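Per-entry structural report
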Amino acid sequence: MEREVQRVRAAFGSGRSRPLTFRRRQLEALRAMVQEREKDILAAIGADLSKSEFNAYSQEVISVLGEIDLVLEKLPEWAAAKPAQRNLLTMLDEAYIQPEPLGVVLIIGAWNYPFVLTIQPLIGAIAAGNAVIIKPSEVSENTAKLLAKLLPQYLDQDLYAVVNGGVEETTELLKQRFDHILYTGNTTVGKIVMQAAAKHLTPVTLELGGKSPCFVDRDCDLDVACRRIAWGKFMNCGQTCIAPDYVLCEPSLQDQIVQKVQEAVKEFYGENVKESPDYERIVNLRHFKRIQSLLEGQKIAFGGEMDEATRYIAPTVLTDVDPDTKVMQEEIFGPILPIVPVKNADEAIQFINEREKPLAFYVFSHNSKLIKRMIDGTSSGGVTGNDVIMHFMLSSLPFGGVGSSGMGAYHGKHSFDTFSHQRPCLLKTLKREGANQLRYPPNSQSKVNWAKFFLLKRFNKGKLGLLLLTLLGILAAVLIKGGYY
Amino acid sequence: MSAISEVVQRARAAFNSGRTRPLQFRVQQLEGLRRLIREREKDLVGALAADLHKNEWTAYYEEIVYVLEEIDYMIRKLPEWAADEPVEKTPHTQQDEAYIHSEPLGVVLIIGTWNYPFNLTIQPMVGAIAAGNAVVLKPSELSENTASLLAAILPQYLDQDLYPVINGGVAETTEVLKERFDHILYTGSTGVGRVVMMAAAKHLTPVTLELGGKNPCYVDKDCDLDIACRRIAWGKFMNSGQTCVAPDYILCDPSIQSQIVEKLKKSLKEFYGEDAKKSRDYGRIINSQHFQRVMGLLEGQKVAYGGTGDAATRYIAPTILTDVDPQSPVMQEEVFGPVLPIVCVRSLEEAIQLITQREKPLALYVFSPNDKVIKKMIAETSSGGVTANDVVVHITVHSLPYGGVGDSGMGSYHGRKSFETFSHRRSCLVRPLLNEETLRARYPPSPAKMPRH
């Protein structure tokens, strides 16, 4: 493991990932890989999550291609030095922020969207000029194996390495030194990753989870709301970090919501959901049993059917759910939608704030004032109003959590920034020493007075002001030295 | 519950009351802070004089003025920074509102340090207050006069529940670090930085770590050595070398070494007179432990100037070492004292190599009239920040974020970056409940065949 990381670090040290042309070529190769080996990729995802080709494409591959295109277009702009606003004393100097690679980045992927959650961060890390070690989740083993096979066929083999394995290998890997670690997964392992990173003072981006609440106002189009909620909830069989975890609504809406969600489910998956090619399965037996246990003692409005052999769990809605029950204590990460009745929006806000900050917050209402009020009154990684999931899709919006749901963010330019060191540079000349006179010892009360005058007054004349300042500075220095003050 | 727990809980309850949310409240607090500085300047200077032998000029110009500037800047810009920030939309999201909404994180812990005990505790606090957080301050116990003073006067000017000061040593700091915060900003050493991040990891608390390192200062053969050496001497010996962005050591061609020594000596005499011990403007080492440490670095070195010290007053003379061996102790740890080693290198390439073999420093300095030399040095090294043809001053520009990379730290602050560091930037996409037709394509059932694309 140590040797592997050393090899990658040496490759970074060679400097070949610095030129933008090199990074572009790697990204173009990655794009070629996705396009040429699409069938293999879709098959691997399909094998891991019982996902149809169409879903695998539209949920994962499309985002990856979109990200590569965006980065290729924007890379020159993002990688360029950004001029910084100067103050009076630096008016004639060059001041800018220069993005530079960090070095060797570790990306630890997750199993629920095993392709996009590993490759999208990889795109940003490559674009920023780093070497990258990718550790796909062993739970989605087909995708993990495929990535280990394909990436070296298309990308620089020394700069971008895939390391596979379970807990043991990951623990070994985390002992090594990296310059940034991006981890997608659960809160518990997130803490372990951060602790390991602390030993090397490695900055981390942690994309974790939580229970993403979904408030449905009485003043909204329930047909549309329920269809959108059902879509986001049941995609990938509920195994989406930003799925609406549970619904909060007034008791009077509960029955309608149940009915309309049920209708949407029928629209999507037909009468016999088990036979729909669009409905996925739970990734493994452990999670299947975990989700199964969440139903204990609950009022099942519809759904609840299970088949252990195929790890099938039907789209299920629970009503009148007690906030203290198990299903409300952990992130569901499955096709179970609890409805928790609350009196009104204020009670919903209170409910949400009593809990850990979630990765996403959803609110459905025609009343934009209410939406703003709920956003102001709560906190979460991100928000979509009147839909679910979609804030993830707009790459100009940073994607990340807060509190227990994570730290840092990525997507689009935010990926580039996350995987770069933004280095401030101030380039002065050895001239105009006059302007510096006031800062040198020996000091005196008059210098203090002059300093207060210059440093806290605002000159609006720009260059003229600077000239004036320089002259006054020299004058002051001369006068002070000459004992006039 | 321990006293420390109670203080933190009280701050959290105060935050949860919501009173920090209106911008007006935050501005009021910042104005309170400004009043504190103006009205209690004498007390501040007194504390800094007792801790580090600063005088009213050095205290003002090196610490206090930057806090005042930050407060003014923050108050002026707050409405702009706190407003929702619209982001670029795609064809699919044209009908939507897409923006980043800045919100407070909650309770922020700021652990100060002893070398600029006022600035390095209060300047971060300005950003944390502006971003709407409650702030727990833990000043460094080594600068005990400033620590006591802050505990005494902050409650007289700021909301007492929201912005408590907790004083104490290692034991108290360890206690504080067990509590849950929403962000921790720590300024100090790399070793303790690791401890802070470990503690933060238990609560998944994001951290900003302002650490240190050996800041190299490359002096090109062709530059105006008079000016270069005056600037270097100023930045190196201010606060008796106890500055995290001080030029730690010089790299230069052997042919200019003795000139550099002469010119540094000239500037030092101009600044502090023949005997720096008698100068009001020359600082003292913070405590005996650091005094011993710095004096110890002189062992076996060629002392070109200075080299004397007085343990009783913790005075170390401005000292220059020549022909320093990169393997010797003075080149293995951050000097953080008034000792300037000169290491000879034969070329820019050799300098770059020496720098890149070491941990990434907090700052990098390069003196040259040749823009190519400067650009090459920057391109082939890494550091928190850079000033070319001067030292220290990149940290005084608001628009340049102040922070390290690698062992010198993570995250940054100052100006707008402070506001962002202490905020959660929350992505918001607000759609209309209309246009359901345009979304049809995303709903199952999927088409019978995979579309050709």
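Per chain, residue numbering runs from 1 following the sequence as it is written. Written order decides the labels, with chains lettered from A and ligands numbered from 1. In keeping with the model being predicted, local features are shown solely for residues with a pLDDT of at least 70 and side-chain atom pairs are shown and tallied solely at 80 or more, while totals for entire chains, interfaces and linings include all residues. Each side-chain value is derived from all of the structure's non-hydrogen atoms; neither hydrogens nor water enter the calculation.

Going by an unreviewed UniProt entry, chain B carries the name Aldehyde dehydrogenase and comes from Capra hircus. UniProt positions are given in the numbering used here, feature names are shortened, and annotations may be inferred rather than shown by experiment. You can read under Sequence similarities (unreviewed entry) in the UniProt record for chain B the words "Belongs to the aldehyde dehydrogenase family." What UniProt states about chain B under its Subcellular location (unreviewed entry) heading is, verbatim, "Cytoplasm".

Chain A goes by Aldehyde dehydrogenase in an unreviewed UniProt entry, where it is assigned to Capra hircus. As recorded by UniProt, the Subunit (unreviewed entry) comment attached to chain A reads in full: "Homodimer." UniProt's Sequence similarities (unreviewed entry) comment on chain A is quoted here verbatim: "Belongs to the aldehyde dehydrogenase family."

Overview of the sheet that holds strand β9 (residues 302-305) of chain B
Here, a strand pair is defined by DSSP locating no fewer than two bridges between the strands. The secondary structure listing takes helices from DSSP runs of H or I that are at least 4 residues long and strands from runs of E that are at least 2 residues long, numbered from the N terminus. Read across the open sheet, the ten strands follow the order β1(A)-β2(A)-β18(A)-β15(B)-β14(B)-β7(B)-β8(B)-β13(B)-β12(B)-β9(B); overall the sheet is mixed. The open sheet terminates on both sides in strands that have one partner only, identified here as β1 (82-83) of chain A together with β9 of chain B. Note: strand β8 (residues 249-252) of chain B against strand β13 (residues 339-344) of chain B, three bridges, orientation parallel. Counted as the bridge partner of L251 of chain B is V343 of chain B from β13 of chain B. Should any heavy atoms of two residues lie within 4.5 Å, those residues are considered in contact. Helix axes use the C-alpha atoms of the stretch in contact, all axes being lines fitted to C-alpha atoms, and the angles between their N-to-C directions lie in the range 0 to 180 degrees. Each of β7 (216-219), β8, β12 (319-322), β13 and β14 (363-367) of chain B is contacted by helix α9 (residues 225-237) of chain B, which is oriented at about 135° to β13 of chain B, the strand it contacts most. Contacts from helix α13 (residues 371-379) of chain B reach β2 (94-101) and β18 (420-427) of chain A together with β7, β14 and β15 (385-388) of chain B within the one sheet, and its direction differs from that of β18 of chain A by about 155°.

Looking at the environment of M238 of chain B
All names here are of chain B. Assignment of secondary structure puts M238 in the loop between α9 and β8. Residues M238 and E62, 176 residues apart in the sequence, show an inter-C-alpha distance of 8.7 Å. Setting aside residues up to four positions removed in sequence, M238 forms contacts with E62, Y116, A233, T243 and Y272.

Points about the UniProt feature "active site" (unreviewed entry) in chain B
Residue and element names in this part refer to chain B. The UniProt record annotates "active site" (unreviewed entry) at E210 and C244. Spanning 35 residues, the named residues form one tight spatial group whose C-alpha atoms are at most 9.0 Å apart. Tracing the sequence through the fold places E210 in strand β6 (residues 207-210). Buried, partly exposed and exposed residues are distinguished by accessible area as a fraction of the type maximum, computed with a 1.4 Å probe on protein chains only: under 20%, between the cut-offs, and over 50%, respectively. A residue is classified by how much of its surface remains accessible, and E210, at 2% relative accessible area, is buried. Ignoring anything within four residues of it in the chain, the contact list for E210 reads Y186, T187, G188, Y402, G403, S408, G411, S412 and Y413. Mapped onto the fold, C244 is located in the loop between α9 and β8. Those residues in contact with C244 that lie beyond four places of it in its chain are N115, L211, N215, E334, F336, L362 and Y402.

What to know about the interface of chain A and chain B
Between chain A and chain B, the contact holds 103 residues from the first and 106 residues from the second. Here chain A packs against chain B, burying approximately 8800 Å² in sum over the two surfaces, 58% of which is carbon and sulfur. Two parts placed together each lose some accessible area under a 1.4 Å probe, and adding up what both lose gives the buried area. It is L201, L430 and R439 of chain A that lose the most area in chain A upon contact with chain B, and together they represent 10% of the buried surface on that side. One side-chain nitrogen of Lys or Arg within 4 Å of one carboxyl oxygen of Asp or Glu is enough to make a salt bridge. Put simply, chain A and chain B have 13 salt bridges between them.

Notes on the side chain of T316 of chain A
All names here are of chain A. Relative to the elements of secondary structure, T316 occurs in strand β13 (residues 316-319). A relative accessible area of 0% places T316 in the buried class. Among the polar contacts listed, one links the side chain of T316 to the backbone oxygen of A314, at a separation of 2.7 Å. Contacts of T316, omitting those with residues within four sequence positions, involve F234, L295, I300, F302, G303, G304, P335, I336 and L337. Two N or O atoms count as a polar contact when they lie within 3.5 Å, although within protein this holds only if one can serve as hydrogen donor and the other as acceptor, and sequence-adjacent residues are included solely when both atoms are side-chain atoms.

Describing helix α5 (residues 116-127) of chain A
Residue and element names in this part refer to chain A. A helix is expected to span 1.5 Å multiplied by its residue count minus one. Between its first and last C-alpha atoms α5 spans 16 Å; for twelve residues at 1.5 Å apiece the expected length is 16 Å, and the two agree. The buried fraction of α5 is high, at twelve of twelve residues. Inspection of α5 places V116, L117, T118, I119, Q120, P121, L122, I123, G124, A125, I126 and A127 among the buried residues, and these make up the whole buried set. One or two positions beyond α5, positive phi appears at G129, with a value near 95°.

Some remarks on empty space enclosed by the protein
Of the two site types, the cavity is a set of points on a 1 Å grid over the protein atoms alone where a 1.4 Å probe fits but cannot get out, and the pocket is an open set with protein on both sides within 12 Å along at least five of seven lines, each lined by residues with an atom within 4 Å of a point. Grid points are joined across faces, edges and corners, and a volume is the space filled by probe spheres set on the points. In the structure shown here, the tally under the stated rule is eight cavities of 30 Å³ or more. Of all the elements, helix α4 (residues 56-82) of chain B adds the most residues to the lining of the largest cavity, at three residues. The nonpolar class holds Ala, Val, Leu, Ile, Met, Phe, Trp, Tyr, Cys and Pro. Asp, Glu, Lys and Arg form the charged class, and all remaining residues, Gly among them, are polar. Residues belonging to the lining of the largest cavity are distributed by class as follows: five nonpolar, two polar and three charged. As used throughout, domain bounds are those supplied by an automatic or database domain assignment. The two domains that each donate at least three residues to the lining of the largest cavity are domain 1 (3-211 + 409-430) and domain 2 (216-396) of chain B. Taken together, L102, R177, F178, D179, H200, L201, T202 and P203 of chain A together with K360, V405 and G406 of chain B make up the full set of residues lining the second largest cavity. Across the lining of the second largest cavity, the residue classes break down as five nonpolar, three polar and three charged.

Remarks on the pattern of salt bridges
In total, this model carries 70 salt bridges over all chains according to the counting rule given. With its nearest N and O atoms 3.0 Å apart, the salt bridge here joins D96 of chain B to R431 of chain B. With D96 of chain B in the loop between β1 (85-86) and β2 (97-104) and R431 of chain B in the loop between β19 (423-430) and α15 (436-439), this pair connects stretches of sequence that are 335 residues apart. Here D96 of chain B and R431 of chain B have matching classes, each one buried. What you see here is one network of salt bridges that share partners, running through R227, R228 and E267 of chain A together with E436, E437 and R440 of chain B.

Things to note about the side chain of T113 of chain B
Residue and element names in this part refer to chain B. Tracing the backbone shows T113 in the loop between β3 (107-111) and α5 (119-130). We classify T113 as buried; its relative accessible area is 10%. Not counting the four nearest positions on each side in its chain, T113 is found in contact with L120, S140, S143, T187 and G188.

Section: the packing of α4 of chain B against α5 of chain B
Residue and element names in this part refer to chain B. Interaxial distance between α4 and α5 falls to 9 Å at its minimum, and their mutual angle equals 5°. With respect to their mutual orientation, α4 and α5 come out roughly parallel. Counting all contacts with α4, which are made through E63, Y66, V67, E70, I71, M74 and L78, the residues of α5 involved are N119, I122, Q123, V126, G127 and A130. Its residues assigned to classes, the contact of α4 with α5 comprises eight nonpolar, three polar and two charged. With respect to orientation, any angle under 35 degrees is reported as roughly parallel, any angle over 145 as roughly antiparallel, any angle of 65 to 115 as roughly perpendicular, and every other angle as oblique.

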